[in-house]
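Each chain is listed here by its residues.
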Amino acid sequence: MESQAASTLTSSIPILPGPKCPGLPAPPTGDFFDETQWTVLFALLDAILPSITAAPKVTDDKSQYGIPGADIRDLIDNTKKNLAEPPSDDLLEAYLADRPCSDPNFTYGVRRILSSAPSSALKQLGAVLTALSTRPGSLILTGYVTPIQEQPVHVREAILQNWSNSWFGTPRTLFKTFTVVAKAVWAQTNSLYKQVSGFPDVPINWKPGKTQDFGFLQFNAGVDENDAAVIDTDVVIVGSGCGGAVVAKNLAEAGHRVLVVDKGYYFPPEQLPMPQEQGAYHLFENNGIVNSIDNSINIAAGSCWGGGGSVNWSVSLQTQGYVRQEWAEEKGLPFFQTAEYQNCLDRVCDFMGVSDVGVKQSHRGQVLLDGARKLGLDAKVCPQNSGGNEHSCGHCHLGCGSGEKQGPAVSWLPAAAKNGAQFIEGFAVDKILWDEKSRAKKAVGITGTWTSRDSNGSVLAPVAERTTRKITIKAKKVVVSAGTLNSPLVLMRSGLKNPHIGSNLHLHPVNFIAGYFEEDARPWEGGIITSVCTSFENLDGQGHGSKLEATCMLPYAFLAGMPWLSGVDFKLAALRLRHMAGYISLARDRDTGRVYPDAAGKPAIDYTPSAFDAAHVLEGIIGMAKILYVAGATEIRPFIPGVQPFVRAKQNGEQETDLGIMNPEFVNWLGTIRAAGNKPPHATFTSAHQMGTCRMSSHEGEGVVDVRGKVWEAENLYVADASVFPSASGVNPMITVMAIADWIARGIAKDMDGQK
């Protein structure tokens, strides 16, 4: 629980207008761990985010981390000197002394995150926690006979630090797992952190946009579980994201009966953006927790009405020429070099009002442009799908409250509705239905389960307290637009056997880097990505390399990956968020992985960034470090394990020559980044772009769909989302997805017109 001082400080914060947030369901029971396992886990998390106080005030060395009195005073004084709007001494002391493990919001958040993990992973983690609770297990894993939960907090911290540098894989994997969970949940739930950092849950001048009336179809409960409601339509589209929404608009405008279904739910602008924990839970796949099997990469995938287009960052880059050439010449798909494909790109951009005119640069966007110019690198403004509006919102990762971002739920789906399209939210597709009278596989619809909202119109009540109904949808055409992680699973569940289904997974893996600046950057304000540096995009001469972009600076999304060096260092580094500028090095990955259903039927991700692709990411990080240096960053932190931050030395007097990036100290520090490397699974990789698992190809032996998006194995069945990309797009994929979906939809319309 928070201290009385913290509670008093909290009560003085004014309450401003903000979204009507949906809330969270009751926390899971956590019965996947026993009491001892939970005790060990929270003992570790306690060491990651300890209560820090002056040594003379320590009353319990298991829960308090003591610092000599004079040193903590210096800590507070030096911290305040480096902040544009420093908190009071009392608030800083309360922040340092805060113990997250005594806060129910933190403990519930940990339970909620872990409850989303695969049961196999929880079983393995539980076994480790049990071992740590014993003397033999503790000796093997920590070097101490005393079980870890009985150690003082400073010893537990030292154990974690040793794990981070271990020669063995298991300790380093444990270190990464425990620290990421602790940092993410803390950033989501800690009210004191918001006060000292200045981070607001609500954007400045928040004003909700228009709520769309989708008229979602509703159903009564069936007589029994086999009593399915039956609907007839011309086209059923599985998924409401960037692919499905474009298909819906085009086909509805062509005069066809269209029904769009999605497992996610619609959250209107008045509920957006959500607070961090709620947004992660309601808007993303698996409540925001999707990791590769080896834990080498974390994946963020939208899973709500509007899909990824509801939570993306507005970047609207068209498919580049060298990628189009590769798809046309190497993949045998000449369509991508035709004027018609360019027409598709322009058409979707025009509909959303995509433009780079009037884009206001955020602090970090301007830093990227200025630093790149000083180094002679290529950088440009990123066009946005904001309909000509400035749209300077740093919270869009958690939903667009203004409605200025012209994503699927704001533009494409309402346009489809105006032309008669119908919609079902909360619909989990089971499988595609086949014509039993046909020798060839011919899709005739889908079946699945609908789950209503609860009696309050929310989605918080347990499923057992809400209406569920089996639904059969009969259709002339079936379009699967469930996203790269789920579209192949739908095809697999439906009995399709093409070995390319689920293969060829591209993820655009990224590493992060941050710079601190003297000025007040307020990184939660302004557009998330407003500029891009392209000088490193073709490192191999064949179109593979990395792009440098700013990144989302919402605390949980950014700080979870920031290297943890110690409890004191992390709390103080996070405190300076308002002076930070964060960036990603995003690789156009050459090498691939696959997705397949786990034991629970959820996507299992078999993907590890290859040495080839990781090297390109690392080059981008080094390039971004140079940009930050010449742009005046006072401290640079690459999110690379084992690398200490670079702190710029203060110059006394004028130098004869400004050495810039040739400064020997800086050059030597860059060498430590190369020496440390970013080898997975211990380096922090993240993906927000998933592509390729239902690859488009010139013949059946190379992919899943043909150039028209039709599945090779079946009639009347199409895929229209990023899963059909022949290879990685190399740019934020929204516009490419929409252009391909536009092409596929127009082909379906012509086909259906010819069948009349």
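Keep in mind that this is a model prediction, so the values were computed, not measured.

Caption draft 1: A look at the overall build of the protein chain. Within the protein chain, the regular secondary structure consists of 22 helices and 20 strands. Over its C-alpha trace the protein chain gives a radius of gyration of 26 Å, about what one expects of a compact globule, namely 27 Å for 756 residues. Dimensions of the protein chain along its principal axes, counting C-alpha atoms only, are 85 × 65 × 50 Å. A burial count over the protein chain gives 59% of its 756 residues as buried. When the accessible surface of the protein chain is summed, it comes to about 29,500 Å², and 50% of that surface belongs to carbon and sulfur atoms. Charge centroids of the protein chain, computed over 66 positive and 76 negative side chains, lie 4 Å from each other.

Caption draft 2: Representation of a nonpolar patch on the surface in the model. On the surface, Leu659, Met662 and Val667 cluster together into a nonpolar patch covering about 270 Å² of accessible area. With respect to the secondary-structure elements, Val667 resides in helix α21 (residues 664–676). The class of Val667 is partly exposed, set by a relative accessible area of 35%.

Caption draft 3: Fine view of helix α14 (residues 339–352). If you check α14, its first and last C-alpha atoms are 20 Å apart, about what 14 residues at 1.5 Å a residue would give, namely 20 Å. Buried within α14 are the following residues: Tyr341, Cys344, Leu345, Val348, Cys349 and Met352. Buried residues of α14, seen end-on, are gathered within an arc of 120 degrees and therefore sit on one face of the element. For α14, the exposed residues lying more than 90 degrees away from the buried face are Ala339 and Asp350. On its buried face, α14 is in contact with α13 (321–330), α16 (408–418) and α22 (734–755). Remark: Gly353 follows α14 within two positions and exhibits a positive phi of approximately 65 degrees.

Caption draft 4: Broad picture of the state of the cysteines. Inspection of every chain in the model, using the stated rule, returns 0 disulfides. The thiol of Cys21 is unpaired, and the distance to the nearest cysteine sulfur, on Cys393, comes to 13 Å. The thiol of Cys396 is not disulfide-bonded; the next cysteine sulfur, from Cys400, is found 3.7 Å away. Classification of Cys396 by relative accessible area gives buried; the value is 1%.

Caption draft 5: View of the nonpolar core. Grouped together as the largest cluster of nonpolar side chains are 93 residues, with contacts concentrated most on Leu45, Val110, Phe178 and Trp186. If we ignore the near neighbours within four places in the chain, the residues touching Val110 are Trp38, Leu41, Phe42, Leu45, Val181 and Val185.

Caption draft 6: Representation of the side chain of Thr142 within the structure. Within the element layout of this structure, Thr142 appears in helix α7 (residues 135–142). Overall, Thr142 belongs to the buried group, its relative accessible area being 12%. A distance of 2.6 Å separates the side chain of Thr142 from the backbone oxygen of Ser138, its partner in a polar contact. Not counting residues within four places of it along the chain, the set of residues in contact with Thr142 comprises Leu132, Ile148, Ile159 and Trp163.

Caption draft 7: Local environment of the packing of helix α3 (residues 69–81) against helix α4 (residues 89–97). Put simply, α3 and α4 touch, their axes get as near as 11 Å, and they point 115 degrees apart. The crossing of α3 and α4 is right-handed. Counting all contacts with α3, which are made through Arg73, Ile76, Thr79 and Lys80, the residues of α4 involved are Asp89, Leu92, Glu93 and Leu96. Across the contact of α3 with α4, the residue classes break down as 3 nonpolar, 1 polar and 4 charged.

Caption draft 8: Local environment of helix α11 (residues 242–253). The end-to-end C-alpha separation of α11 is 17 Å, in line with the 16 Å expected for 12 residues at 1.5 Å each. The element α11 is largely enclosed, with a buried count of 11 among its 12 residues. Residues Cys242, Gly243, Gly244, Ala245, Val246, Val247, Ala248, Lys249, Asn250, Leu251 and Ala252 constitute the buried set of α11. Contacts from the buried residues of α11 go to β3 (229–238), β4 (258–261), α14, α16, β10 (468–480) and α22.

Caption draft 9: Structural detail: the packing of aromatic side chains. Inspection of the entire model under this criterion finds 34 aromatic pairs. Ring centres 6.3 Å apart and planes at 45 degrees place the aromatic pair Phe216 and Tyr266 in the tilted group. Of the two residues, Phe216 sits in the loop between α10 (191–197) and β3 while Tyr266 sits in the loop between β4 and α12 (276–283), which places them 50 residues apart along the sequence. Taking 4.2 Å as the distance between ring centres and 40 degrees as the angle between the ring planes, the aromatic pair formed by Phe351 and Trp412 counts as tilted. Residue Phe351 is found in helix α14, and its partner Trp412 is found in helix α16; the two are separated by 61 residues along the sequence. On the accessibility criterion, Phe351 (33% relative accessible area) is partly exposed. Members of the aromatic cluster, joined through ring pairs, are Trp327, Phe335, Phe336, Tyr341, Phe725 and Trp743. Directly above the ring of Tyr95 sits Lys571, whose terminal nitrogen or CZ lies 5.8 Å from the centroid. The ring of Phe612 has Arg590 sitting right over it, with the charged end atom 3.6 Å from the ring centre.

Caption draft 10: Representation of the packing of helix α2 (residues 35–48) against helix α5 (residues 104–115). Packing of α2 against α5 brings their axes to within 12 Å, and their N-to-C directions diverge by 115 degrees. When the axis of α2 is compared with that of α5, the two are roughly perpendicular. In this structure, α2 meets α5 at a crossing whose hand is right-handed. In this structure, α2 uses Trp38, Leu41, Phe42 and Leu45 to contact α5, whose residues at the interface are Phe106, Thr107, Val110, Arg111 and Leu114. Residue composition of the contact of α2 with α5, by class: 7 nonpolar, 1 polar and 1 charged.

Caption draft 11: Examining the pattern of salt bridges more closely. Within this structure, the stated rule accounts for 32 salt bridges. Asp520 serves as the salt-bridge partner of Arg522, at 3.9 Å between the closest nitrogen and oxygen. Accessibility expressed as a relative area gives 27% for Asp520, which makes it partly exposed. Here Lys710 makes a salt bridge to Glu715, at a shortest N to O gap of 3.7 Å. For Lys710, a relative accessible area of 18% corresponds to the buried category. For Glu715, a relative accessible area of 38% puts it in the partly exposed group. When salt bridges with common partners are traced through the structure, they connect Arg73, Asp77, Lys80, Asp89 and Glu93 into a single cluster.

Caption draft 12: A look at empty space enclosed by the protein. Applying the stated criterion across every chain yields a total of 5 cavities of 30 Å³ or more. Counted as a void, the largest cavity has a volume near 210 Å³. Lining the largest cavity are 21 residues; nearest its centre among them are Phe267, Leu272, Ser310, Ala409 and Val410. By residue class, the composition of the lining of the largest cavity is 14 nonpolar, 5 polar and 2 charged. Its boundaries defined by the atoms lining it, the second largest cavity holds a volume of some 40 Å³. Contributing to the lining of the second largest cavity are Gly353, Ser355, Val357, Gly358, Val359, Gln384, Ser386, Gly388 and Asn389. When its residues are assigned to classes, the lining of the second largest cavity shows 2 nonpolar, 7 polar and no charged.

Criteria and cut-off values
- Residues numbered from 1 in each chain as written.
- Predicted model: local features only at pLDDT ≥ 70, side-chain atom pairs only at ≥ 80, totals over all residues.
- Heavy atoms only, no water.
- Helix = DSSP H or I, 4+ residues; strand = E, 2+ residues; numbered from the N terminus.
- Rg over C-alpha atoms; globule rule 2.2 N^0.38 Å.
- Buried < 20%, exposed > 50% of the residue type's maximum accessible area, 1.4 Å probe, protein only.
- Areas by Shrake-Rupley, 256 points an atom, 1.4 Å probe, with all protein chains shown as cover.
- Lys, Arg positive; Asp, Glu negative; His and termini not counted.
- Charge placed at Lys NZ, Arg CZ, Asp CG, Glu CD.
- Patch = residues over 30% accessible without salt bridge, like charges linked within 9 Å, V, L, I, M, F, W, Y side chains within 5 Å.
- Salt bridge = Lys/Arg side-chain N within 4 Å of Asp/Glu carboxyl O.
- Expected span 1.5 Å × (residues − 1).
- Arc of directions from axis to C-beta.
- Contact = heavy atoms within 4.5 Å.
- Disulfide = S-S within 2.5 Å.
- Core = buried A, V, L, I, M, F, W, Y, C linked by side-chain atoms within 4.5 Å.
- Polar contact = N/O pair within 3.5 Å; in protein donor to acceptor, adjacent residues only side chain to side chain.
- Axes fitted to C-alpha atoms, helices over the stretch in contact; angles between N-to-C directions.
- Left-handed = near helix turned anticlockwise from the far one by under 90°.
- Nonpolar A, V, L, I, M, F, W, Y, C, P; charged D, E, K, R; others polar.
- Phe/Tyr/Trp six-rings, centres within 6.5 Å; stacked < 30°, edge-to-face > 60°.
- Lys NZ or Arg CZ within 6 Å of the ring centre and 35° of its normal.
- Parallel < 35°, antiparallel > 145°, perpendicular 65-115°, else oblique.
- 1 Å grid on protein atoms, 1.4 Å probe; cavity = no way out; pocket = protein on both sides within 12 Å on 5 of 7 lines; lining within 4 Å.
- Points joined across faces, edges and corners; volume = space filled by probe spheres on them.

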